[in-house]
Amino acid sequence: MTRAPARPPVLLIEDTSSLRLLYRSVLTAAGHRVEVAATGAEGLAVFRRTAPALVVLDLVLPDRDGLDLMEDMLRERPGTRIMVITAHGSIDRAVQAMRAGARDFLVKPVDERRLTDAVGNLLSGGGPAAGGRGGAQARAGQFIGSSAPMQRVQAKIASVATSMATVFITGESGTGKELCALAVHQQSTRASGPFIALNCGAIPQDLLESEVFGHMKGSFTGAISDKPGAAAAADGGTLFLDEVCEMVPALQTKLLRFLQTSTVQPVGATRPRKVNVRIVCATNRDPAEAVRRGAFREDLFYRLYVVPIHMPPLREREGDAVEIAEAALQLFAAEEGRSFDGLSPEVRALFRRLTWPGNVRQLLNVVRNVVVMNPGGLVTPAMLPDDLAQGGSLRAPSPSPSPSPPAPEPATGPGAPLTLAEIESRAIDAALARHGGSVPRAARELDVAPSTIYRKLAQRPSG
Amino acid sequence: MIPAGFDRLRAVLGGQWPDFLACLRADLAAQQGVLAQPGAAAEDLRRAAHVLKALAGTVEHAALAAAAQRLHAAAARPGGDLAAAAAETGLALRDLVGHLDRIARGPA
(Lines give C-alpha, C1' and ligand atoms only; values in the text may rest on other atoms or scores of the structure.)
Protein backbone atom coordinates (compact mmCIF):
# COMPACT_ATOMS: atom_id res chain seq x y z
CA MET A 1 0.00 0.00 0.00
CA THR A 2 1.36 3.41 -0.91
CA ARG A 3 0.84 6.40 1.28
CA ALA A 4 -0.15 9.72 -0.19
CA PRO A 5 2.58 12.30 0.30
CA ALA A 6 1.94 14.54 3.29
CA ARG A 7 0.68 18.03 2.52
CA PRO A 8 3.24 20.78 3.12
CA PRO A 9 2.67 22.14 6.61
CA VAL A 10 2.02 25.61 7.91
CA LEU A 11 5.09 26.68 9.87
CA LEU A 12 4.26 28.79 12.91
CA ILE A 13 7.16 30.70 14.47
CA GLU A 14 6.07 32.33 17.74
CA ASP A 15 8.15 32.59 20.90
CA THR A 16 5.33 33.09 23.44
CA SER A 17 4.35 29.56 24.39
CA SER A 18 0.66 30.16 25.18
CA LEU A 19 0.09 32.05 21.93
CA ARG A 20 1.99 29.38 20.02
CA LEU A 21 -0.28 26.72 21.51
CA LEU A 22 -3.42 28.76 20.79
CA TYR A 23 -2.55 29.55 17.17
CA ARG A 24 -1.48 25.97 16.54
CA SER A 25 -4.72 24.66 18.02
CA VAL A 26 -6.84 27.03 15.95
CA LEU A 27 -5.04 26.16 12.73
CA THR A 28 -5.10 22.43 13.45
CA ALA A 29 -8.83 22.59 14.12
CA ALA A 30 -9.22 24.33 10.76
CA GLY A 31 -7.61 21.30 9.15
CA HIS A 32 -4.05 22.46 8.63
CA ARG A 33 -0.94 20.45 9.40
CA VAL A 34 1.12 22.71 11.63
CA GLU A 35 4.82 22.71 12.53
CA VAL A 36 5.92 25.07 15.29
CA ALA A 37 9.12 26.79 16.33
CA ALA A 38 9.89 29.08 19.26
CA THR A 39 13.00 30.84 17.99
CA GLY A 40 14.38 32.14 14.73
CA ALA A 41 17.08 29.47 14.59
CA GLU A 42 14.61 26.70 15.24
CA GLY A 43 12.22 28.20 12.70
CA LEU A 44 14.85 28.28 9.98
CA ALA A 45 15.78 24.66 10.69
CA VAL A 46 12.14 23.52 10.45
CA PHE A 47 11.69 25.65 7.33
CA ARG A 48 14.59 23.87 5.63
CA ARG A 49 13.39 20.45 6.76
CA THR A 50 9.70 20.72 5.92
CA ALA A 51 9.41 23.21 3.01
CA PRO A 52 6.17 24.69 4.43
CA ALA A 53 3.30 25.92 2.26
CA LEU A 54 3.02 28.99 4.44
CA VAL A 55 5.00 30.56 7.26
CA VAL A 56 3.19 32.44 10.03
CA LEU A 57 5.95 34.52 11.58
CA ASP A 58 6.03 36.65 14.71
CA LEU A 59 8.27 39.61 13.96
CA VAL A 60 9.65 39.82 17.50
CA LEU A 61 11.75 36.77 18.33
CA PRO A 62 14.22 36.27 21.16
CA ASP A 63 17.26 35.39 19.06
CA ARG A 64 16.87 37.41 15.89
CA ASP A 65 14.75 39.92 14.07
CA GLY A 66 11.75 38.43 12.29
CA LEU A 67 12.28 40.58 9.19
CA ASP A 68 15.83 39.27 8.79
CA LEU A 69 14.56 35.73 9.16
CA MET A 70 11.89 36.38 6.55
CA GLU A 71 14.48 37.67 4.11
CA ASP A 72 16.60 34.55 4.65
CA MET A 73 13.61 32.33 3.95
CA LEU A 74 12.66 34.24 0.81
CA ARG A 75 16.26 34.10 -0.39
CA GLU A 76 16.28 30.32 0.01
CA ARG A 77 12.78 29.79 -1.41
CA PRO A 78 11.61 32.94 -3.19
CA GLY A 79 8.02 31.76 -3.69
CA THR A 80 7.39 31.09 -0.01
CA ARG A 81 4.16 32.59 1.34
CA ILE A 82 4.82 34.39 4.59
CA MET A 83 2.31 36.05 6.88
CA VAL A 84 3.71 38.15 9.68
CA ILE A 85 2.27 38.81 13.11
CA THR A 86 3.03 42.10 14.73
CA ALA A 87 1.99 43.89 17.88
CA HIS A 88 -0.60 46.62 17.83
CA GLY A 89 1.28 49.86 17.34
CA SER A 90 3.96 48.29 15.15
CA ILE A 91 2.15 48.69 11.84
CA ASP A 92 5.24 50.30 10.30
CA ARG A 93 7.00 46.97 10.80
CA ALA A 94 4.15 45.19 9.05
CA VAL A 95 4.43 47.60 6.13
CA GLN A 96 8.18 46.95 6.00
CA ALA A 97 7.47 43.23 5.94
CA MET A 98 4.89 43.58 3.16
CA ARG A 99 7.38 45.56 1.11
CA ALA A 100 9.98 42.87 1.71
CA GLY A 101 7.70 40.13 0.40
CA ALA A 102 5.22 39.11 3.11
CA ARG A 103 1.79 38.30 1.70
CA ASP A 104 -0.32 39.39 4.65
CA PHE A 105 -0.06 40.52 8.23
CA LEU A 106 -2.03 40.13 11.43
CA VAL A 107 -2.01 42.42 14.44
CA LYS A 108 -1.95 41.02 17.98
CA PRO A 109 -4.19 40.19 19.70
CA VAL A 110 -4.97 37.89 16.83
CA ASP A 111 -8.64 37.13 16.28
CA GLU A 112 -8.98 33.36 15.81
CA ARG A 113 -11.31 33.61 12.84
CA ARG A 114 -9.14 36.21 11.17
CA LEU A 115 -6.19 33.83 11.57
CA THR A 116 -7.94 30.88 9.94
CA ASP A 117 -9.41 33.11 7.22
CA ALA A 118 -6.05 34.66 6.40
CA VAL A 119 -4.25 31.32 6.34
CA GLY A 120 -7.04 29.75 4.27
CA ASN A 121 -6.98 32.64 1.82
CA LEU A 122 -3.24 32.47 1.35
CA LEU A 123 -3.24 28.71 0.94
CA SER A 124 -6.09 28.71 -1.54
CA GLY A 125 -4.35 31.32 -3.65
CA GLY A 126 -2.46 28.66 -5.66
CA GLY A 127 0.96 27.12 -5.17
CA PRO A 128 1.84 23.95 -3.31
CA ALA A 129 -1.19 23.95 -1.06
CA ALA A 130 -3.85 24.63 -3.68
CA GLY A 131 -6.63 22.12 -3.29
CA GLY A 132 -5.79 21.63 0.37
CA ARG A 133 -8.12 22.32 3.24
CA GLY A 134 -8.73 25.91 2.30
CA GLY A 135 -9.88 24.81 -1.12
CA ALA A 136 -12.10 22.13 0.33
CA GLN A 137 -13.67 24.66 2.66
CA ALA A 138 -14.49 26.77 -0.37
CA ARG A 139 -15.85 23.84 -2.35
CA ALA A 140 -18.01 22.78 0.57
CA GLY A 141 -19.89 26.06 0.52
CA GLN A 142 -19.99 26.40 -3.24
CA PHE A 143 -23.57 27.35 -3.95
CA ILE A 144 -25.12 24.33 -2.33
CA GLY A 145 -28.70 25.06 -1.48
CA SER A 146 -32.01 25.07 -3.25
CA SER A 147 -33.61 28.00 -1.47
CA ALA A 148 -35.36 30.56 -3.60
CA PRO A 149 -32.85 33.36 -2.86
CA MET A 150 -29.95 31.17 -4.01
CA GLN A 151 -31.81 30.06 -7.12
CA ARG A 152 -32.16 33.73 -8.03
CA VAL A 153 -28.45 34.33 -7.42
CA GLN A 154 -27.49 31.39 -9.62
CA ALA A 155 -29.79 32.55 -12.41
CA LYS A 156 -28.30 36.03 -12.26
CA ILE A 157 -24.75 34.69 -12.42
CA ALA A 158 -25.62 32.55 -15.43
CA SER A 159 -27.16 35.46 -17.29
CA VAL A 160 -24.39 37.94 -16.56
CA ALA A 161 -21.37 35.66 -16.80
CA THR A 162 -20.93 35.79 -20.57
CA SER A 163 -21.11 39.59 -20.78
CA MET A 164 -18.29 42.01 -20.03
CA ALA A 165 -20.46 43.95 -17.58
CA THR A 166 -18.95 44.84 -14.24
CA VAL A 167 -20.51 42.88 -11.39
CA PHE A 168 -20.93 44.39 -7.92
CA ILE A 169 -21.53 41.81 -5.20
CA THR A 170 -22.90 42.83 -1.83
CA GLY A 171 -23.64 40.73 1.24
CA GLU A 172 -22.69 40.12 4.85
CA SER A 173 -19.37 38.55 5.79
CA GLY A 174 -19.29 34.83 5.18
CA THR A 175 -22.07 34.74 2.59
CA GLY A 176 -19.77 33.65 -0.24
CA LYS A 177 -19.05 36.84 -2.19
CA GLU A 178 -15.71 35.54 -3.45
CA LEU A 179 -17.32 32.25 -4.50
CA CYS A 180 -19.87 34.26 -6.40
CA ALA A 181 -17.11 36.23 -8.14
CA LEU A 182 -15.32 33.00 -8.98
CA ALA A 183 -18.55 31.53 -10.38
CA VAL A 184 -18.97 34.58 -12.61
CA HIS A 185 -15.44 34.07 -13.87
CA GLN A 186 -15.76 30.32 -14.34
CA GLN A 187 -18.99 30.60 -16.30
CA SER A 188 -17.61 33.33 -18.53
CA THR A 189 -15.66 33.07 -21.77
CA ARG A 190 -12.64 34.17 -19.74
CA ALA A 191 -12.64 31.01 -17.64
CA SER A 192 -9.29 29.89 -19.07
CA GLY A 193 -7.76 33.25 -18.12
CA PRO A 194 -6.54 34.27 -14.67
CA PHE A 195 -8.83 35.07 -11.74
CA ILE A 196 -6.99 37.53 -9.53
CA ALA A 197 -8.52 38.37 -6.16
CA LEU A 198 -7.37 41.37 -4.18
CA ASN A 199 -8.68 42.32 -0.76
CA CYS A 200 -8.57 46.11 -0.69
CA GLY A 201 -9.17 46.11 3.06
CA ALA A 202 -6.31 43.77 3.92
CA ILE A 203 -3.50 45.64 2.18
CA PRO A 204 -1.85 48.66 3.78
CA GLN A 205 -3.04 51.76 1.99
CA ASP A 206 0.38 52.86 0.88
CA LEU A 207 0.95 49.47 -0.78
CA LEU A 208 -2.45 49.24 -2.45
CA GLU A 209 -1.54 51.22 -5.56
CA SER A 210 1.48 49.05 -6.27
CA GLU A 211 -0.57 45.90 -5.55
CA VAL A 212 -3.25 46.94 -8.06
CA PHE A 213 -1.20 48.66 -10.73
CA GLY A 214 2.32 47.35 -10.07
CA HIS A 215 5.60 49.20 -9.78
CA MET A 216 8.93 49.50 -11.49
CA LYS A 217 12.20 48.55 -9.83
CA GLY A 218 13.59 51.47 -7.83
CA SER A 219 10.37 53.51 -7.93
CA PHE A 220 10.32 53.61 -4.11
CA THR A 221 12.36 52.26 -1.23
CA GLY A 222 11.95 48.51 -1.16
CA ALA A 223 10.93 48.14 -4.82
CA ILE A 224 13.72 45.70 -5.55
CA SER A 225 12.24 44.40 -8.80
CA ASP A 226 9.50 45.12 -11.32
CA LYS A 227 6.08 43.99 -10.16
CA PRO A 228 3.22 43.71 -12.63
CA GLY A 229 0.34 44.38 -10.21
CA ALA A 230 -3.03 42.67 -10.02
CA ALA A 231 -4.63 44.57 -12.92
CA ALA A 232 -1.93 43.47 -15.35
CA ALA A 233 -1.82 39.95 -13.88
CA ALA A 234 -5.55 39.64 -14.59
CA ASP A 235 -5.08 40.49 -18.30
CA GLY A 236 -7.41 38.20 -20.26
CA GLY A 237 -9.27 37.22 -17.10
CA THR A 238 -11.09 38.67 -14.12
CA LEU A 239 -9.91 41.05 -11.41
CA PHE A 240 -11.89 40.65 -8.20
CA LEU A 241 -11.68 43.64 -5.86
CA ASP A 242 -12.99 42.57 -2.47
CA GLU A 243 -13.92 45.15 0.19
CA VAL A 244 -13.78 47.77 -2.55
CA CYS A 245 -15.38 50.40 -0.30
CA GLU A 246 -12.18 50.38 1.79
CA MET A 247 -10.20 51.79 -1.12
CA VAL A 248 -8.61 55.19 -0.41
CA PRO A 249 -9.89 58.14 -2.49
CA ALA A 250 -6.63 58.61 -4.41
CA LEU A 251 -6.72 55.05 -5.62
CA GLN A 252 -10.41 55.32 -6.46
CA THR A 253 -9.44 58.02 -8.94
CA LYS A 254 -6.85 55.74 -10.53
CA LEU A 255 -9.28 52.84 -10.65
CA LEU A 256 -11.81 55.06 -12.38
CA ARG A 257 -9.23 56.05 -14.98
CA PHE A 258 -8.31 52.39 -15.42
CA LEU A 259 -11.97 51.52 -16.04
CA GLN A 260 -12.31 54.35 -18.53
CA THR A 261 -9.12 53.67 -20.48
CA SER A 262 -8.37 49.96 -19.84
CA THR A 263 -4.74 50.94 -19.34
CA VAL A 264 -2.47 50.49 -16.34
CA GLN A 265 0.57 52.52 -15.46
CA PRO A 266 2.74 50.93 -12.77
CA VAL A 267 4.28 53.22 -10.16
CA GLY A 268 7.45 54.61 -11.73
CA ALA A 269 6.55 53.60 -15.32
CA THR A 270 6.72 56.21 -18.04
CA ARG A 271 3.95 54.91 -20.28
CA PRO A 272 0.68 53.05 -19.75
CA ARG A 273 -0.10 49.57 -20.98
CA LYS A 274 -3.40 48.32 -22.41
CA VAL A 275 -5.01 45.35 -20.64
CA ASN A 276 -8.22 43.38 -21.12
CA VAL A 277 -9.72 42.80 -17.69
CA ARG A 278 -13.22 42.22 -16.38
CA ILE A 279 -13.86 43.76 -12.99
CA VAL A 280 -15.92 42.07 -10.30
CA CYS A 281 -16.02 43.81 -6.95
CA ALA A 282 -17.61 43.17 -3.59
CA THR A 283 -18.30 44.76 -0.25
CA ASN A 284 -20.03 43.85 2.97
CA ARG A 285 -21.07 47.49 3.41
CA ASP A 286 -23.86 49.44 1.80
CA PRO A 287 -22.07 51.02 -1.19
CA ALA A 288 -24.75 53.67 -1.69
CA GLU A 289 -24.31 54.73 1.93
CA ALA A 290 -20.53 54.94 1.37
CA VAL A 291 -21.26 57.27 -1.56
CA ARG A 292 -23.59 59.39 0.57
CA ARG A 293 -20.92 59.69 3.25
CA GLY A 294 -18.42 60.76 0.64
CA ALA A 295 -16.18 57.75 1.32
CA PHE A 296 -16.70 56.35 -2.15
CA ARG A 297 -16.69 58.32 -5.42
CA GLU A 298 -20.13 58.54 -6.98
CA ASP A 299 -18.83 58.33 -10.56
CA LEU A 300 -16.82 55.22 -9.69
CA PHE A 301 -19.83 53.71 -7.95
CA TYR A 302 -22.02 54.06 -11.02
CA ARG A 303 -19.29 52.67 -13.25
CA LEU A 304 -18.88 49.61 -11.02
CA TYR A 305 -22.50 49.11 -9.97
CA VAL A 306 -23.63 47.80 -13.36
CA VAL A 307 -24.95 44.37 -12.38
CA PRO A 308 -25.54 44.14 -8.64
CA ILE A 309 -25.75 40.69 -7.05
CA HIS A 310 -26.76 40.45 -3.42
CA MET A 311 -25.63 37.34 -1.57
CA PRO A 312 -28.39 36.49 0.92
CA PRO A 313 -27.45 35.77 4.53
CA LEU A 314 -27.78 32.13 5.54
CA ARG A 315 -30.70 32.93 7.87
CA GLU A 316 -32.74 33.93 4.82
CA ARG A 317 -31.87 30.76 2.87
CA GLU A 318 -34.58 28.51 4.21
CA GLY A 319 -33.24 24.95 4.61
CA ASP A 320 -29.87 25.63 2.94
CA ALA A 321 -27.95 25.37 6.22
CA VAL A 322 -28.83 21.68 6.49
CA GLU A 323 -27.99 20.98 2.84
CA ILE A 324 -24.64 22.73 3.13
CA ALA A 325 -23.85 21.04 6.44
CA GLU A 326 -24.61 17.56 5.05
CA ALA A 327 -22.40 18.16 2.00
CA ALA A 328 -19.59 19.65 4.09
CA LEU A 329 -19.81 16.80 6.58
CA GLN A 330 -19.15 14.21 3.88
CA LEU A 331 -16.38 16.27 2.29
CA PHE A 332 -14.54 16.98 5.54
CA ALA A 333 -15.06 13.42 6.79
CA ALA A 334 -13.45 12.04 3.61
CA GLU A 335 -10.48 14.34 4.18
CA GLU A 336 -10.08 13.20 7.77
CA GLY A 337 -10.55 9.53 6.89
CA ARG A 338 -13.66 9.26 9.07
CA SER A 339 -17.19 8.10 8.46
CA PHE A 340 -20.24 10.09 9.56
CA ASP A 341 -23.85 9.01 9.09
CA GLY A 342 -25.25 12.49 8.64
CA LEU A 343 -27.04 14.92 10.94
CA SER A 344 -29.52 13.76 13.54
CA PRO A 345 -33.04 15.23 13.35
CA GLU A 346 -32.28 17.33 16.44
CA VAL A 347 -29.19 18.86 14.81
CA ARG A 348 -31.10 19.49 11.59
CA ALA A 349 -33.81 21.26 13.52
CA LEU A 350 -31.25 23.30 15.45
CA PHE A 351 -29.40 24.29 12.28
CA ARG A 352 -32.68 25.49 10.77
CA ARG A 353 -33.44 27.59 13.84
CA LEU A 354 -30.05 29.23 14.21
CA THR A 355 -29.55 32.69 12.73
CA TRP A 356 -25.91 32.03 11.73
CA PRO A 357 -24.48 35.51 12.21
CA GLY A 358 -21.22 34.32 10.62
CA ASN A 359 -23.18 32.83 7.71
CA VAL A 360 -21.79 29.93 5.64
CA ARG A 361 -18.29 30.46 6.98
CA GLN A 362 -19.53 29.92 10.53
CA LEU A 363 -21.52 26.84 9.51
CA LEU A 364 -18.49 25.29 7.78
CA ASN A 365 -16.34 25.95 10.83
CA VAL A 366 -18.91 24.20 13.02
CA VAL A 367 -18.97 21.18 10.72
CA ARG A 368 -15.18 21.11 10.54
CA ASN A 369 -15.08 21.23 14.33
CA VAL A 370 -17.50 18.29 14.57
CA VAL A 371 -15.45 16.20 12.14
CA VAL A 372 -12.14 16.94 13.81
CA MET A 373 -13.35 16.46 17.39
CA ASN A 374 -15.45 13.31 16.94
CA PRO A 375 -14.68 9.82 15.62
CA GLY A 376 -17.78 9.45 13.44
CA GLY A 377 -21.38 8.23 13.55
CA LEU A 378 -24.56 10.29 13.56
CA VAL A 379 -23.97 13.95 14.44
CA THR A 380 -25.92 14.71 17.61
CA PRO A 381 -26.25 17.98 19.54
CA ALA A 382 -23.67 16.69 22.04
CA MET A 383 -21.04 16.77 19.30
CA LEU A 384 -21.60 20.46 18.52
CA PRO A 385 -19.53 23.25 20.05
CA ASP A 386 -20.98 24.12 23.44
CA ASP A 387 -22.32 27.58 22.64
CA LEU A 388 -24.06 26.32 19.50
CA ALA A 389 -25.57 23.25 21.15
CA GLN A 390 -26.99 25.46 23.86
CA GLY A 391 -28.85 27.42 21.23
CA GLY A 392 -26.60 30.44 20.69
CA SER A 393 -27.78 32.72 17.87
CA LEU A 394 -31.27 31.25 17.82
CA ARG A 395 -33.88 32.98 15.74
CA ALA A 396 -36.03 35.41 17.67
CA PRO A 397 -39.56 34.11 18.23
CA SER A 398 -41.02 37.21 16.59
CA PRO A 399 -42.10 36.90 12.96
CA SER A 400 -39.50 39.48 11.91
CA PRO A 401 -38.22 38.44 8.47
CA SER A 402 -34.73 39.74 9.07
CA PRO A 403 -33.58 39.37 12.66
CA SER A 404 -30.77 41.85 12.48
CA PRO A 405 -28.69 42.42 15.58
CA PRO A 406 -30.02 44.93 18.10
CA ALA A 407 -28.90 48.45 17.36
CA PRO A 408 -28.47 51.17 19.91
CA GLU A 409 -31.59 53.23 20.38
CA PRO A 410 -31.55 56.35 18.28
CA ALA A 411 -31.50 59.69 20.04
CA THR A 412 -34.85 60.49 18.48
CA GLY A 413 -36.52 57.45 20.02
CA PRO A 414 -39.12 57.48 22.74
CA GLY A 415 -38.22 58.94 26.10
CA ALA A 416 -35.41 61.33 26.80
CA PRO A 417 -32.90 61.78 24.00
CA LEU A 418 -29.59 59.99 24.51
CA THR A 419 -26.31 61.80 24.69
CA LEU A 420 -23.57 60.95 22.22
CA ALA A 421 -21.65 59.19 25.00
CA GLU A 422 -24.70 57.08 25.86
CA ILE A 423 -25.23 56.10 22.24
CA GLU A 424 -21.57 55.14 21.99
CA SER A 425 -21.74 53.20 25.22
CA ARG A 426 -24.84 51.30 24.09
CA ALA A 427 -23.28 50.53 20.73
CA ILE A 428 -20.25 49.04 22.50
CA ASP A 429 -22.41 47.00 24.87
CA ALA A 430 -24.56 45.72 22.02
CA ALA A 431 -21.51 44.73 19.95
CA LEU A 432 -19.93 43.01 22.95
CA ALA A 433 -23.16 41.12 23.60
CA ARG A 434 -23.38 40.01 19.98
CA HIS A 435 -19.82 38.69 20.13
CA GLY A 436 -20.02 36.95 23.46
CA GLY A 437 -17.90 39.61 25.17
CA SER A 438 -15.05 39.37 22.66
CA VAL A 439 -13.49 42.82 22.48
CA PRO A 440 -11.45 42.14 19.29
CA ARG A 441 -14.56 40.98 17.43
CA ALA A 442 -16.70 43.79 18.73
CA ALA A 443 -13.97 46.22 17.72
CA ARG A 444 -13.90 44.81 14.23
CA GLU A 445 -17.64 45.20 13.89
CA LEU A 446 -17.50 48.77 15.15
CA ASP A 447 -14.50 49.51 12.95
CA VAL A 448 -12.29 50.70 15.81
CA ALA A 449 -9.13 49.34 17.40
CA PRO A 450 -9.67 46.96 20.35
CA SER A 451 -7.71 49.40 22.50
CA THR A 452 -10.42 51.99 21.88
CA ILE A 453 -13.01 49.72 23.44
CA TYR A 454 -10.73 48.81 26.33
CA ARG A 455 -10.17 52.51 26.92
CA LYS A 456 -13.88 53.33 26.76
CA LEU A 457 -14.67 50.53 29.20
CA ALA A 458 -11.94 51.64 31.56
CA GLN A 459 -13.28 55.19 31.50
CA ARG A 460 -16.73 54.13 32.69
CA PRO A 461 -17.59 54.95 36.24
CA SER A 462 -17.24 51.89 38.44
CA GLY A 463 -20.09 50.37 40.37
CA MET B 1 -13.77 39.31 37.39
CA ILE B 2 -12.59 36.44 35.22
CA PRO B 3 -11.08 37.77 31.98
CA ALA B 4 -13.75 38.06 29.29
CA GLY B 5 -11.85 35.95 26.81
CA PHE B 6 -11.63 32.80 28.92
CA ASP B 7 -14.96 31.32 27.83
CA ARG B 8 -14.17 31.94 24.17
CA LEU B 9 -10.68 30.46 24.49
CA ARG B 10 -11.91 27.42 26.39
CA ALA B 11 -14.35 26.72 23.56
CA VAL B 12 -11.67 27.23 20.93
CA LEU B 13 -9.05 25.13 22.69
CA GLY B 14 -11.23 22.26 23.88
CA GLY B 15 -8.99 19.62 25.44
CA GLN B 16 -5.93 21.84 25.22
CA TRP B 17 -7.37 24.43 27.58
CA PRO B 18 -5.42 23.16 30.62
CA ASP B 19 -2.18 23.16 28.61
CA PHE B 20 -2.91 26.69 27.47
CA LEU B 21 -3.46 27.83 31.05
CA ALA B 22 -0.16 26.27 32.10
CA CYS B 23 1.69 27.93 29.23
CA LEU B 24 0.00 31.24 29.94
CA ARG B 25 0.98 31.01 33.60
CA ALA B 26 4.59 30.39 32.60
CA ASP B 27 4.59 33.26 30.09
CA LEU B 28 3.18 35.61 32.70
CA ALA B 29 5.64 34.46 35.32
CA ALA B 30 8.51 35.23 32.98
CA GLN B 31 7.24 38.77 32.52
CA GLN B 32 6.68 39.14 36.26
CA GLY B 33 10.35 38.34 36.66
CA VAL B 34 11.30 41.15 34.29
CA LEU B 35 9.02 43.67 36.00
CA ALA B 36 10.34 42.72 39.43
CA GLN B 37 13.95 43.46 38.54
CA PRO B 38 15.03 46.66 40.30
CA GLY B 39 16.15 49.16 37.67
CA ALA B 40 15.21 46.94 34.74
CA ALA B 41 16.40 48.32 31.40
CA ALA B 42 13.85 50.18 29.31
CA GLU B 43 14.35 47.77 26.44
CA ASP B 44 13.59 44.78 28.69
CA LEU B 45 10.46 46.48 29.97
CA ARG B 46 9.40 47.39 26.45
CA ARG B 47 9.72 43.75 25.41
CA ALA B 48 7.79 42.61 28.48
CA ALA B 49 5.07 45.13 27.71
CA HIS B 50 4.97 43.89 24.13
CA VAL B 51 4.34 40.31 25.29
CA LEU B 52 1.85 41.36 27.96
CA LYS B 53 -0.17 43.48 25.54
CA ALA B 54 -0.59 40.48 23.27
CA LEU B 55 -1.49 38.13 26.11
CA ALA B 56 -3.87 40.57 27.80
CA GLY B 57 -5.56 41.24 24.49
CA THR B 58 -5.93 37.55 23.81
CA VAL B 59 -7.55 36.76 27.15
CA GLU B 60 -9.33 40.14 27.13
CA HIS B 61 -8.02 41.37 30.47
CA ALA B 62 -8.76 45.06 29.99
CA ALA B 63 -6.76 46.40 32.94
CA LEU B 64 -3.59 44.53 32.02
CA ALA B 65 -3.93 45.50 28.36
CA ALA B 66 -4.25 49.16 29.29
CA ALA B 67 -1.38 49.05 31.81
CA ALA B 68 0.92 47.22 29.40
CA GLN B 69 0.10 49.77 26.74
CA ARG B 70 1.14 52.57 29.10
CA LEU B 71 4.32 50.69 30.03
CA HIS B 72 5.14 50.19 26.36
CA ALA B 73 4.67 53.89 25.71
CA ALA B 74 6.73 54.88 28.75
CA ALA B 75 9.56 52.54 27.77
CA ALA B 76 9.66 53.93 24.26
CA ARG B 77 9.74 57.57 25.42
CA PRO B 78 12.83 59.12 26.97
CA GLY B 79 11.95 60.40 30.40
CA GLY B 80 8.80 58.27 30.65
CA ASP B 81 7.85 57.28 34.17
CA LEU B 82 8.91 53.67 33.83
CA ALA B 83 8.77 52.78 37.50
CA ALA B 84 5.15 53.86 37.90
CA ALA B 85 4.09 52.19 34.67
CA ALA B 86 5.90 48.98 35.65
CA ALA B 87 4.25 49.00 39.07
CA GLU B 88 0.80 49.49 37.56
CA THR B 89 1.44 46.69 35.08
CA GLY B 90 2.70 44.47 37.87
CA LEU B 91 -0.55 44.95 39.80
CA ALA B 92 -2.75 44.12 36.82
CA LEU B 93 -0.53 41.16 36.04
CA ARG B 94 -0.92 39.89 39.58
CA ASP B 95 -4.69 39.99 39.16
CA LEU B 96 -4.55 37.82 36.05
CA VAL B 97 -2.08 35.42 37.64
CA GLY B 98 -4.42 35.20 40.63
CA HIS B 99 -7.24 34.07 38.35
CA LEU B 100 -5.02 31.42 36.81
CA ASP B 101 -3.94 30.16 40.21
CA ARG B 102 -7.53 29.94 41.40
CA ILE B 103 -8.45 27.94 38.30
CA ALA B 104 -5.45 25.67 38.85
CA ARG B 105 -6.51 25.03 42.45
CA GLY B 106 -10.01 24.13 41.30
CA PRO B 107 -13.27 24.80 43.09
CA ALA B 108 -12.88 25.25 46.83
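Our structure is the block above this text.
All of these numbers come straight from a predicted model, not from anything done at the bench.

Asker: Explain the packing of helix H3 (residues 42-59) of chain B against helix H4 (residues 62-76) of chain B to me, and be specific about the residues and the numbers.
Answerer: Each pair of packed helices can be summarised by the angle the axes make with each other and by the distance between the axes. Residues and elements named next belong to chain B. Packing of H3 against H4 brings their axes to within 8 Å, and their N-to-C directions diverge by 155°. With respect to their mutual orientation, H3 and H4 come out roughly antiparallel. The hand of the H3/H4 crossing is left-handed. In this structure, H3 contributes Ala42, Leu45, Arg46, Ala49, His50, Leu52, Lys53 and Ala56 to the contact, and H4 contributes Leu64, Ala65, Ala68, Gln69, Leu71, His72 and Ala75. Its residues assigned to classes, the contact of H3 with H4 shows 10 nonpolar, 3 polar and 2 charged.

Asker: Break down the interface of chain B and chain A for me, citing the residues and quoting the values.
Answerer: Tallying the contact residues gives 23 residues for chain B and 23 residues for chain A. Note on chain B versus chain A: buried area summed over both sides is about 2100 Å², and carbon and sulfur give 63% of it. When the buried surface of chain B facing chain A is broken down by residue, Arg8(B), His50(B) and Glu60(B) rank first, second and third, together holding 23% of it. On inspection of chain B and its partner chain A, the count reaches 1 salt bridge. Where Arg8(B) meets Glu112(A), a salt bridge forms, and the shortest distance between an N and an O atom there is 2.8 Å. Joining chain B to chain A, the criterion identifies 3 residue pairs in polar contact (both at pLDDT 80 or more). At the level of elements, helix H1 (5-13), helix H2 (17-36), H3 and H4 of chain B are the ones that each hand at least two residues to the side of chain B that touches chain A. At 9 residues, the largest contribution of residues to the side of chain B that touches chain A is made by H3(B). Of the residues contributing to the side of chain B that touches chain A, the split by class is 13 nonpolar, 4 polar and 6 charged.

Asker: Tell me what's going on with the nonpolar core, and back it up with residues and numbers.
Answerer: Counting residues in hydrophobic clusters, the biggest one holds 63 residues, and the most contacted among them are Met83(A), Leu115(A), Val119(A), Phe20(B) and Leu28(B). If you tally residues by element for this core, the top one is H3(B), at 9 residues. Membership of the second largest hydrophobic core comes to 56 residues, among which are Val212(A), Ala231(A), Cys245(A) and Leu304(A).

How each quantity is defined
- Residues numbered from 1 in each chain as written.
- Chains lettered and ligands numbered in written order.
- Predicted model: local features only at pLDDT ≥ 70, side-chain atom pairs only at ≥ 80, totals over all residues.
- Heavy atoms only, no water.
- Axes fitted to C-alpha atoms, helices over the stretch in contact; angles between N-to-C directions.
- Helix = DSSP H or I, 4+ residues; strand = E, 2+ residues; numbered from the N terminus.
- Parallel < 35°, antiparallel > 145°, perpendicular 65-115°, else oblique.
- Left-handed = near helix turned anticlockwise from the far one by under 90°.
- Contact = heavy atoms within 4.5 Å.
- Nonpolar A, V, L, I, M, F, W, Y, C, P; charged D, E, K, R; others polar.
- Buried area = accessible area lost by both parts, 1.4 Å probe.
- Salt bridge = Lys/Arg side-chain N within 4 Å of Asp/Glu carboxyl O.
- Polar contact = N/O pair within 3.5 Å; in protein donor to acceptor, adjacent residues only side chain to side chain.
- Core = buried A, V, L, I, M, F, W, Y, C linked by side-chain atoms within 4.5 Å.
- Buried < 20%, exposed > 50% of the residue type's maximum accessible area, 1.4 Å probe, protein only.

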